[in-house]
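The primary structure of each chain is shown beneath.
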Amino acid sequence: MTILIYLLSFFCAYAEAAEIPLSLLTKHGLHSYLEPQRSRLLVEGANPDAQSLFLLDVPYALVQGQFVGLPEPLLVKGSEILFPMQTAELYLFPLLSETERKSLAAEVQSPKVDVNKGDPRCNSVRAVKKVFIDPGHGGNDLGTKFGSLFEKDITLKFGILVAEELRRRGFTVSFSRTKDVYLPLDIRSTLAKKWDADLFVSIHMNSAPSKDAHGTETYILSADGTDAEARKLALIENSIVQKASSKQSAVQDILWDMEQTTYLQDSAFLASYIQKQVVQTAHEFLHAKKIEWKNRGVRQAPFFVLSRAAMPAVLVELGYLSNAQDRKLLTDKNFQESLAKAVANGVKQYEEACKAH
Ligand SMILES: [Zn+2]
């Protein structure tokens, strides 16, 4: 039954419109001409006979001489034109050659982002007001555990604390869950999208076979993962997902990661701010006790929960439940409050960087 509900929700969520920026399509073989009045957009493939004329204000197009109604109108966001998924699938992908479709898929599936740029910034012109907090796991998905200590409980605790701190800093906050309930991974990003969140922050606790592994790392999405260890972690965090992707077409595979791709550089900036704040705060907290809190950096891994977030999205692994010292601190009220403040400060710094341009 759970599987059935999951599959239903998966396909319903999938049917929701993802948007594809025109700039990404033109990079991979399409040519576009926007009228100076910005009311009509002509798009053509390598073969000039293959062209479509889109009207920007109404959901209609002239596709190779035929007048058609679009499932959804095009969206204009700043200088970018976004194609709803279904429209792109029907009227744009057929204009691409096989090779172009493959190169588009390759970029989308392995986006190149420098996750450790010297000075983190913000690319987005969008104001950051609404932050969606996603406490990892829940219900029968316990996450990692140590004895009777479950990741799902600590992530919820942290999620609530981070939300309080964000509200104090003027943000509006919503959650994927505020109770101990099971929530499929794809629903988490769908909820964030429905709420029109500006940022998505997923909170997790780490675990490793070696009891020595400790500290914080912050992830953004990639198809490959920074290294084998990062890929393995994503596999563990994703394990609750029973992927239906094998049944999907090549086009659907392209679209799988599309939504997050647009936001990946900003996700990397947000991750850098959060990572830096958390590590610095932990250092200050533990300085007198001469305890080291390890900075494990910003990394990339194929986390399912991030893949369909249509906004800058990060996943913070605050510390290791498999390490005795981390475990003790992560369950300490004062330390929890300090780290929650640090995450909120990281978000605040990112918001200020966005405001600055
Ligand atoms: Zn987790």
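Residues numbered from 1 in each chain as written. Predicted model: local features only at pLDDT ≥ 70, side-chain atom pairs only at ≥ 80, totals over all residues.

J.: Would you explain the nonpolar core in this entry?
T.: Across soluble globular proteins, nonpolar side chains have a tendency to be buried as a group. Judged by nonpolar contacts, the single largest core of 64 residues is most densely connected at V162, L199, V314 and V343. With ten residues, helix α10 (residues 264-286) is the single largest residue contributor to this core. Leaving out residues up to four positions away in the same chain, V314 has contacts with V201, T218, Y219, I220, S267, L270, A271 and I274. Formed by 18 residues, the second largest nonpolar core is a distinct cluster that contains L22, A61, F83 and L92. (Core = buried A, V, L, I, M, F, W, Y, C linked by C-beta atoms within 7 Å. Buried ≥ 20, exposed ≤ 12 C-beta atoms within 10 Å, placed from the backbone. Helix = DSSP H or I, 4+ residues; strand = E, 2+ residues; numbered from the N terminus. Contact = placed C-beta atoms within 7 Å.)

J.: What is the right way to look at the pairing of strand β3 (residues 40-44) in this model?
T.: Every regular strand shows the same layout, with side chains that alternate between the two sheet faces. Only one face of β3 is buried, namely the one carrying L41 and V43, since none of R40, L42 and E44 on the opposite face is buried. In textbook terms, the turn of a hairpin is the stretch between consecutive antiparallel strands, and for strand β2 (residues 31-34) and β3 this stretch comprises five residues, one of which, R38, has a positive phi near 60°. Sheet topology note: the β3/strand β4 (residues 51-55) ladder contains five bridges and is antiparallel. In the strand pairing of β4, E44 is matched with Q51. (Pairing = 2+ DSSP bridges.)

J.: How should the environment of E19 be read in this particular structure?
T.: Residue placement: E19 occurs in strand β1 (residues 19-21). The class for E19 is buried, based on 20 C-beta atoms found within 10 Å. With residues up to four places along the chain from it excluded, the contact list for E19 reads L75, L82, F83, P84 and M85.

J.: Can you walk me through helix α6 (residues 185-194) in this structure?
T.: Each α-helix winds once per 3.6 residues, and so residues spaced three or four apart point in a common direction. α6 sits mainly inside the fold: seven of its ten residues count as buried. Every buried residue belonging to α6 is among L185, D186, R188, S189, T190, A192 and K193, and all of these are buried. At the C-terminal side of α6, D196 shows a positive phi close to 65°.

J.: Even after reading the chapter, I still don't get the sheet that holds β1, so can you show me in this structure?
T.: Consider a sheet: its strands pair through backbone hydrogen bonds, and that pairing is either parallel or antiparallel. Pairing is antiparallel in the open sheet, where three strands are placed in the order β1-β8-β7. The two strands at the open ends of the sheet, each matched to only one other strand, are β1 and β7 (75-77). Adjacent strand axes in the sheet meet at a mean angle of 35°, parallel and antiparallel pairs treated alike. (Axes fitted to C-alpha atoms, helices over the stretch in contact; angles between N-to-C directions.)

J.: Teacher, can you tell me more about the pairing of strand β13 (residues 199-206) here?
T.: Burial within β13 is extensive, with eight of its eight residues counted as buried. Burial of the side chains of β13 extends over both faces: L199, V201, I203 and M205 are buried on one face and F200, S202, H204 and N206 on the other. Looking at chain direction, strand β9 (residues 130-135) and β13 are connected through five bridges and run parallel. Opposite V131, over in β13, you have L199 as the bridge partner. Pairing geometry for β13 and strand β16 (residues 313-320), over six bridges, is parallel. Its bridge partner lying in β16, N206 is registered against Y320.

J.: I tried to follow the sheet that holds β2 on my own but got confused; where do I start?
T.: Taken together, five strands build an open sheet; the order of strands is β2-β3-β4-β5-β6 and the sheet is antiparallel. Every other strand in the sheet has two partners, leaving β2 and β6 (66-69) as the edge strands with one partner each. On average, adjacent strands in this sheet sit at an angle of 20° to one another, irrespective of strand direction.

J.: Got a minute to help me understand unusual backbone geometry in this structure?
T.: Trans peptide bonds make up most of the peptide bonds, and negative phi angles are found at most residues other than glycine. Not every positive phi belongs to a glycine, and D196 is a case in point at roughly 65°. One non-glycine residue, K290, adopts positive backbone phi at about 55°. As for its placement among the helices and strands, K290 is situated in the loop between α10 and β15 (295-301). On the basis of neighbour counts, which here come to 6 C-beta atoms within 10 Å, the residue K290 falls in the exposed class.

J.: Could you clarify how one ought to interpret helix α5 (residues 151-168) in this entry?
T.: The terminal C-alpha atoms of α5, which comprises 18 residues, lie 26 Å apart, in line with the 26 Å expected from a rise of 1.5 Å per residue. Two residues or fewer after α5 comes G170, characterised by a positive phi angle close to 90°. (Expected span 1.5 Å × (residues − 1).)

J.: How do you make sense of the packing of α5 against helix α13 (residues 333-355) when you look at a structure like this?
T.: A pair of packed helices can be characterised by two numbers: the angle between their axes and the separation between those axes. It is at 8 Å that the axes of α5 and α13 come closest, and there the two elements cross at 50°. Between α5 and α13, the interaxial angle falls into the category oblique. The crossing of α5 and α13 is right-handed. Touching K157, F158, L161, V162, E165 and L166 of α5 are Q336, E337, A340, K341, V343, A344 and V347, all from α13. A breakdown of the residues in the contact of α5 with α13 according to their chemical character gives eight nonpolar, one polar and four charged. (Parallel < 35°, antiparallel > 145°, perpendicular 65-115°, else oblique. Left-handed = near helix turned anticlockwise from the far one by under 90°. Nonpolar A, V, L, I, M, F, W, Y, C, P; charged D, E, K, R; others polar.)

J.: What am I meant to see in the environment of V173 here?
T.: Along the chain, V173 falls in strand β12 (residues 172-175). The class for V173 is buried, based on 20 C-beta atoms found within 10 Å. Separated by 42 residues in the primary sequence, V173 and V131 place their C-alpha atoms 5.0 Å from one another. Aside from chain neighbours lying at most four places away, what touches V173 is V131, I133, A163, L166 and R167.

J.: Help me out: how do you make sense of the packing of α10 against α13 in this one?
T.: Closest axis-to-axis distance for the α10/α13 pair is 8 Å, and the angle between their directions is 145°. Crossing angle aside, the handedness with which α10 passes α13 is right-handed. For the pair formed by α10 and α13, the contact residues are F269, L270, Y273, I274, K276, Q277, V278, T281, A282 and F285 on the first element and F335, S338, L339, K341, A342, V343, N345, G346, V347, Q349, Y350 and A353 on the second. Residues of the contact of α10 with α13, tallied by class, amount to 14 nonpolar, six polar and two charged.

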